[in-house]
Amino acid sequence: MSLKNQVETQLPTDWGIFKIIAYSEDADDWMPHIVLVHEKTDFEKPVAVRLHSECLTGDIFHSLKCECGKQLHRAMDYFSKNGGILIYLRQEGRNIGIIDKLKAYKLQEKGMDTVQANLSLGLPSDGRSFDEAITILEDLDVKSILLLTNNPEKIKAFENSKVTLIDFISIEIEPTKENEGYLRTKRDFFKHFLNLASI
Ligand SMILES: [Zn+2]
């Protein structure tokens, strides 16, 4: 089976009107990838794209342990001015799922960082692939993109794809006391493009 556009319709939001599309292999999938295409998107020019891995705690509950929710809203602000596409990937906890992510949080309370916690649960430090996101962009007939990211793995994912990555736009969020350890691991272990001069 392969990923299919299951349904598309309009979604008015605080950031303007989007086309919302659900992509999954199976029409009964309760957790399809969700794509939002802003009404201002011009497919003749490089399209701003954010590949956002689901983070329930950050995106919905505005957790201070990570900066996912703030990055999501920064991307939505960008799309409201310039157009663009959000691909909301159902990859909770870098694809370990919400239960294991919360187990990892428990271990972090005892002093482990996000990588040590995942590894001690027998899980990968990052279990994500961005191949499905690229399949979706190809299906939408996107030719070239500007990627909103700090993550070199997301940039690398476009190396052998039909979608040309023209450039990336960094979305660095100010560290806070609650997330600075997490951001430091992102910078030092995952090699994200973050300056974070203060930490
Ligand atoms: Zn998060």
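Rules behind the numbers
Residues numbered from 1 in each chain as written. Predicted model: local features only at pLDDT ≥ 70, side-chain atom pairs only at ≥ 80, totals over all residues. Heavy atoms only, no water. UniProt positions renumbered as here; feature names shortened; annotations may be inferred. Donors = N, O, S within 2.8 Å, 3.2 Å for Na, K, Ca; no water. Salt bridge = Lys/Arg side-chain N within 4 Å of Asp/Glu carboxyl O. Helix = DSSP H or I, 4+ residues; strand = E, 2+ residues; numbered from the N terminus. Buried < 20%, exposed > 50% of the residue type's maximum accessible area, 1.4 Å probe, protein only. Domains from an automatic or database assignment. Contact = heavy atoms within 4.5 Å. Buried area = accessible area lost by both parts, 1.4 Å probe. Polar contact = N/O pair within 3.5 Å; in protein donor to acceptor, adjacent residues only side chain to side chain. Nonpolar A, V, L, I, M, F, W, Y, C, P; charged D, E, K, R; others polar. Pairing = 2+ DSSP bridges. Axes fitted to C-alpha atoms, helices over the stretch in contact; angles between N-to-C directions. Patch = residues over 30% accessible without salt bridge, like charges linked within 9 Å, V, L, I, M, F, W, Y side chains within 5 Å. Areas by Shrake-Rupley, 256 points an atom, 1.4 Å probe, with all protein chains shown as cover. Phe/Tyr/Trp six-rings, centres within 6.5 Å; stacked < 30°, edge-to-face > 60°. Lys NZ or Arg CZ within 6 Å of the ring centre and 35° of its normal.

- An unreviewed UniProt entry annotates the protein as GTP cyclohydrolase-2 originating from Flavobacterium procerum.
- Recorded in UniProt under Catalytic activity (unreviewed entry), the annotation for the protein is "GTP + 4 H2O = 2,5-diamino-6-hydroxy-4-(5-phosphoribosylamino)-pyrimidine + formate + 2 phosphate + 3 H(+)".
- In its Function (unreviewed entry) section, UniProt records this for the protein: "Catalyzes the conversion of GTP to 2,5-diamino-6-ribosylamino-4(3H)-pyrimidinone 5'-phosphate (DARP), formate and pyrophosphate."

**What to know about the coordination of the zinc ion**
Thought 1: Bound to the zinc ion are the protein donor atoms C55 (SG), C66 (SG) and C68 (SG), situated 2.2 Å from the metal.
Thought 2: Spacing between the donor residues of the zinc ion along their common chain follows C-x10-C-x1-C.

**Remarks on the pattern of salt bridges**
Thought 1: As enumerated under the stated definition, the model contains 11 salt bridges in all.
Thought 2: Notably, a salt bridge pairs K186 with E67, separated by 3.1 Å at the nearest N-O pair. In this pair, K186 is assigned in helix α8 (residues 180-188) and E67 in the loop between α1 (56-59) and α2 (68-82), connecting sequence segments 119 residues apart.
Thought 3: Of the residues examined, K186 reaches a relative accessible area of 10% and is grouped as buried.

**Quick word on the domain arrangement of the protein**
Frequently, the measure chosen for interface size is the accessible area removed from exposure when the parts meet.
Thought 1: Looking at the assigned domains, one finds that the protein contains domain 1 (4-91 + 128-188) and domain 2 (95-124).
Thought 2: Once you take the C-alpha centre of each, domain 1 and domain 2 turn out to be 24 Å apart.
Thought 3: Facing the nine residues of domain 1 at the interface are nine residues of domain 2.
Thought 4: Regarding the contact of domain 1 and domain 2, the summed buried area is about 700 Å², with carbon and sulfur atoms giving 61% of it.
Thought 5: Applying the counting criterion to the domain 1 and domain 2 interface returns two residue pairs in polar contact (both at pLDDT 80 or more).
Thought 6: Sorting the residues of the side of domain 1 that touches domain 2 by element identifies α1 and α8 as the ones contributing at least two each.
Thought 7: Residue classes in the side of domain 1 that touches domain 2 are distributed as three nonpolar, three polar and three charged.

**As for the sheet that holds strand β3 (residues 33-38)**
Thought 1: Strand order in the open sheet formed by seven strands is β1-β2-β3-β5-β4-β6-β7, and the pairing between neighbours is mixed. Looking at which strands have only one partner, the edges of the open sheet turn out to be β1 (4-13) and β7 (164-169). In this sheet, neighbouring strand axes are inclined to one another by 25° on average, regardless of whether the strands run parallel or antiparallel.
Thought 2: As paired elements, strand β6 (residues 144-148) and β7 share five bridges and run parallel to each other. In the strand pairing of β7, L148 is matched with I169.
Thought 3: Of the strands in this sheet, β2 (16-24), β3, β4 (47-53), β5 (85-89), β6 and β7 are in contact with α2, which crosses β4 at around 160°.

**Some remarks on a nonpolar patch on the surface**
Thought 1: Together, L56, I60, F61, I98, I99 and L102 make up a nonpolar patch on the protein surface, roughly 560 Å² of accessible area in all.
Thought 2: With three residues, the single largest contributor to the nonpolar patch is helix α4 (residues 98-109).
Thought 3: Mapped onto the elements of the fold, L56 is located in helix α1.
Thought 4: Looking at L56, the relative accessible area reads 31%, which means it is partly exposed.

**A closer look at the environment of A197**
Thought 1: Mapped onto the elements of the fold, A197 is located in the segment after α8.
Thought 2: The spacing of A197 and P175 is 22 residues in sequence and 9.6 Å in space, taken between C-alpha atoms.

**What about unusual backbone geometry?**
Note: most peptide bonds trans; most residues except glycine with negative phi.
Thought 1: Of note in the backbone geometry, R94 takes a positive phi value of approximately 50° without being a glycine.
Thought 2: Within the secondary structure, R94 sits in helix α3 (residues 92-95).
Thought 3: In this structure, D141 takes a positive phi of about 65° despite not being glycine.
Thought 4: Its location among the elements puts D141 in the loop between α6 (131-139) and β6.

**Some remarks on the packing of aromatic side chains**
Thought 1: One pass over the full model with this rule turns up two aromatic pairs.
Thought 2: Ring centres of F168 and F193 lie 5.1 Å apart, and the angle between their planes is 25°; this geometry places the pair in the stacked category. With F168 in strand β7 and F193 in the segment after α8, this residue pair connects regions lying 25 residues apart in the sequence.
Thought 3: Look at F168 and you get partly exposed, because its relative accessible area is 30%.
Thought 4: Judged by centre distance (4.9 Å) and plane angle (90°), the rings of F189 and F190 are edge-to-face.
Thought 5: F189 sits in the partly exposed class, given a relative accessible area of 45%.
Thought 6: Here the guanidinium or amino end of K65 rests over the ring plane of Y105, the centre of that ring lying 4.5 Å away.

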